[in-house]
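Observations on the model geometry
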Amino acid sequence: MAPPSRRRVLGLAGAGVGSWAAMGFAAAPVAASSAGVPDASLAAGLLGRAGTRVVVIPRTLSATSRGTGPATAAFRIGYVAVRWSGPGGAAGPGLAAGPGNTVPAIRLRRTNGGYGAWSPLAVGCPAERDDRGPGASPAHAVLMGARTATGYELRVPTGASGVAVTALNTTSGPPRRLTVPDVTAQAALAAVAGLSAAVSSSGPARARAVPRPRRAPLAASAEPAPTVGPPPAAQATPSPAPSGSAESALGLRYLPRAAWGADESLRLDPATGQPWRTTYHPGQVITVHHTVTPNDDPDPAATVRAIYHFHTVERGWADIGYHFLIDEAGTLYEGRWSGTDGIPGHRPDGQVVTGAHVGGFNAGNVGVALLGDHRTRVPAAAARRSLVLVLRALCGAHSLNPVGSVDYVHPAGGARRRVPAISGHGDWMATECPGAALSAALDPVRLEVAQGLL
């Protein structure tokens, strides 16, 4: 018998969306105050019960050069962040790069002094802040893994300007000994999903899910549950989980910002010495991305630090663009800073901090990114499972139908877009993100999220 259709599951999911009790992330979810809003101290208590631990995290080393080079760095390079304005060229997978064309490309200097082949620079997850001026010239930025290169040389299209390359090393800098909160994924996701009381009581004016007819629970259906995900043989081997967080009853780790090494001083406006202005809006939609960083990553926390530096300093986004990140081992990372209450991505009243992951549509849009390149590689089983759990918590918090659609309305600019409630980056703009393999997996992921909410 065929698995339930999208329309059938849409109807079946209706009664369960927003029902947090069925998820069972925590025996005692975040309590609500007499006003119906979770108290920040209660949330902090839930998130802080496990205490703290000490971790040693290296400082990020960076060196920026202007122009196309060649250039070298005084340290081994793990990533290079390339920026330029003007023509973007025709970069993409499989395109040749060399002197005779306009493809932006880079070649890396090896430890023996020689150079590798030219590699095209393709913008893998294009995004921007919502407040970027309409008259600004086209800006291009790429973060590329360099492993242990010592230098680089660049080619850019004719007419490109403002070329800058930043070499990053997030593994070998001076060590920082930090005391960080020891938070479980179970507590973090319970805190997020427990915001549903605050969201419903405040009655935010947001895009609603498509109408959901009343239907029997999915468990009562005579039809079998859909088979989700690729066969095990097609999945990547998970990377070792980083230290810095206790494994929860969910069988996965959670690293708050301090535990993966976010340097909070980078969030300061150099002109004022104060943090950049932070805005919050009711959650309307979730968008899934991939980071287009190397697969089989031996140190994913170091990669998160590289992305953080790239987004915060090189792109000028005041912080990392995503709200949550997930590595191949399924470890969950807290993304954009949202306050001191400890609830990732949100204020205690349920509003979402504005990120920078879908230019022009960031407000009220929660960004979840899988580390790695998923154009041809399907997500690892552990990463996929964590993605489902995060999406369940977010759908529960914001009463979203996982297999429905929303009419997104930007709360400031008024821009509108009808998209799936759990969308891919490509639902918003012309981009390969989140990769063909991950995009193909999103429908079964949506169904599994819906089943878990019933």
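Residues numbered from 1 in each chain as written. Predicted model: local features only at pLDDT ≥ 70, side-chain atom pairs only at ≥ 80, totals over all residues. Heavy atoms only, no water.

1. Remarks on the sheet that holds strand β6 (residues 139-155)
Heads up, the condition is: For two strands to count as paired, DSSP must find a minimum of two bridges between them. By the criteria applied, helices consist of DSSP H or I runs no shorter than four residues and strands consist of E runs no shorter than two, each listed in order from the N terminus.
Strand order in the open sheet made by the 6 strands is β2-β7-β3-β6-β4-β5, with antiparallel pairing throughout. Two strands in the sheet have a free side with no partner beyond their single neighbour: β2 (61-66) and β5 (119-120). Bridge analysis of strand β4 (residues 105-109) against β5 gives 2 bridges, and the strand direction is antiparallel. Of the residues in β5, the one forming a bridge with Ala105 is Pro120.

2. So, the sheet that holds strand β11 (residues 285-290)
Judged by pairing direction, the sheet is mixed, and its 6 strands sit side by side in the order β9-β13-β12-β15-β11-β18 without closing on themselves. Lying at the two open borders of the sheet, with one neighbouring strand each, are β9 (254-255) and β18 (422-424). Pairing between strand β12 (residues 324-326) and strand β15 (residues 365-370): 3 bridges, direction parallel. Along β15, the bridge assignment pairs Phe324 with Val368.

3. Observations regarding the pairing of strand β16 (residues 405-409)
Here 5 bridges tie β16 to strand β17 (residues 416-420), and the two strands are oriented antiparallel to one another. Bridged to Val406 within β17 is Val419. Here β16 folds back onto β17, and the loop between the two strands holds 6 residues, one of which, Gly414, carries a positive phi near 85°.

4. A look at the packing of helix α7 (residues 381-398) against helix α8 (residues 436-452)
Going by this rule: The convention used is that axes are lines fitted to C-alpha atoms, helices contributing only their stretch in contact, and that angles between N-to-C directions extend from 0 to 180 degrees. Roughly parallel refers to an angle under 35 degrees, roughly antiparallel to one over 145, roughly perpendicular to one between 65 and 115, and oblique to any angle outside these ranges. The crossing is said to be left-handed when, going from far helix to near helix, the turn is anticlockwise and less than a right angle, and right-handed when the turn is clockwise. Every residue pair with non-hydrogen atoms within 4.5 Å of one another is taken to be in contact.
The geometry of α7 relative to α8 is characterised by a closest axis approach of 9 Å and an angle of 55° between their N-to-C directions. Between α7 and α8, the crossing angle belongs to the class labelled oblique. Considering only the axes of α7 and α8, their crossing is right-handed. Along the contact surface, α7 presents Arg384, Leu387, Val388, Leu391, Arg392 and Cys395, while α8 presents Pro444, Val445, Glu448, Val449 and Gly452.

5. A word on the side chain of Thr150
Condition: For the exposure calls, accessible area comes from a 1.4 Å probe over protein chains only, and a residue counts as buried if that area is under 20% of its type's maximum, exposed if over 50%, partly exposed in between. As used in this structure description, the phrase polar contact means that two N or O atoms lie within 3.5 Å; if the pair is within protein, one of them must be able to donate a hydrogen and the other to accept it, and residues adjacent in sequence are counted only when both atoms belong to side chains.
Turning to its location among the elements, Thr150 is positioned in strand β6. For Thr150, a relative accessible area of 17% gives the class buried. A polar atom in the side chain of Thr150 sits 3.3 Å from the backbone oxygen of Arg110.

6. Quick word on the side chain of Arg305
Basically, it comes down to this: In this tally, Asp and Glu contribute negative charge and Lys and Arg positive charge; neither His nor the terminal groups of the chain are included. We define a salt bridge as a side-chain nitrogen of Lys or Arg found within 4 Å of a carboxyl oxygen belonging to Asp or Glu.
For Arg305, the position within the fold is in helix α6 (residues 300-314). Here Arg305 is buried and forms no salt bridge, its nearest opposite-charge partner Asp299 lying at an N-O distance of 4.5 Å. Once residues lying within four places of it in the same chain are set aside, the contact partners of Arg305 are Ile57, Pro58, Thr60, Thr170, Trp260 and Gly261.

7. A closer look at the pattern of salt bridges
What the rule picks out here adds up to 16 salt bridges. A salt bridge links Arg347 to Asp349; the shortest N-O distance between them is 2.8 Å. On the basis of relative accessible area, Arg347 is assigned to the partly exposed category, the value being 28%. Exposure remark for Asp349: the relative accessible area of 25% places this residue in the partly exposed category. One network of salt bridges, in which partners are shared, links Arg257, Glu264, Arg267 and Asp319.

8. Notes on the environment of Asn169
Relative to the helices and strands, Asn169 is located in strand β7 (residues 161-169). Along the chain, Asn169 and Arg147 lie 22 residues apart, while their C-alpha atoms are 9.5 Å from each other. Sequence-distant contacts of Asn169, that is, excluding residues within four places in its chain, are made with Arg59, Thr60, Leu61, Phe75, Arg76 and Gly78. From its side chain, Asn169 meets the backbone nitrogen of Thr171 in a polar contact 2.9 Å long.

9. Some words on α6
Formally: Take the number of residues in a helix, subtract one, and multiply by 1.5 Å to get its expected span.
Taking 1.5 Å as the rise per residue, α6 with 15 residues should run 21 Å; its terminal C-alpha atoms sit 20 Å apart, in good agreement. The buried count for α6 comes to 14 of 15 residues, which makes it a mostly enclosed element. Looking at the residues trailing α6, positive phi occurs at Gly316, about 75°.

10. Some details on unusual backbone geometry
The amide bond that connects Gly69 to the next residue, Pro70, takes the cis arrangement and shows omega of 10°. Inspection of the secondary structure puts Pro70 in the loop between β2 and β3 (71-85). Following Cys433, the chain continues into Pro434 via a peptide bond in cis, with omega recorded as 10°. Mapping Pro434 onto the fold places it in the loop between β18 and α8. In the Ramachandran plot, Val292 falls in the positive-phi region, its phi being about 55° despite a non-glycine side chain. If you trace the backbone, Val292 turns up in the loop between β11 and α6. Even without being a glycine, Ala318 presents a positive backbone phi close to 70°. Note on Ala318: relative accessible area 12%, which makes it buried.

11. What to know about the pairing of β3
A regular strand places its side chains on the two faces of the sheet in alternate fashion. Here 10 bridges tie β3 to β6, and the two strands are oriented antiparallel to one another. Residue pairing across strands places Ala81 opposite Leu143, the latter belonging to β6. Examined bridge by bridge, β3 and β7 share 6 bridges and lie antiparallel to one another. Opposite Val82, over in β7, you have Val165 as the bridge partner.

Function-wise, these values are silent; they only describe arrangement.
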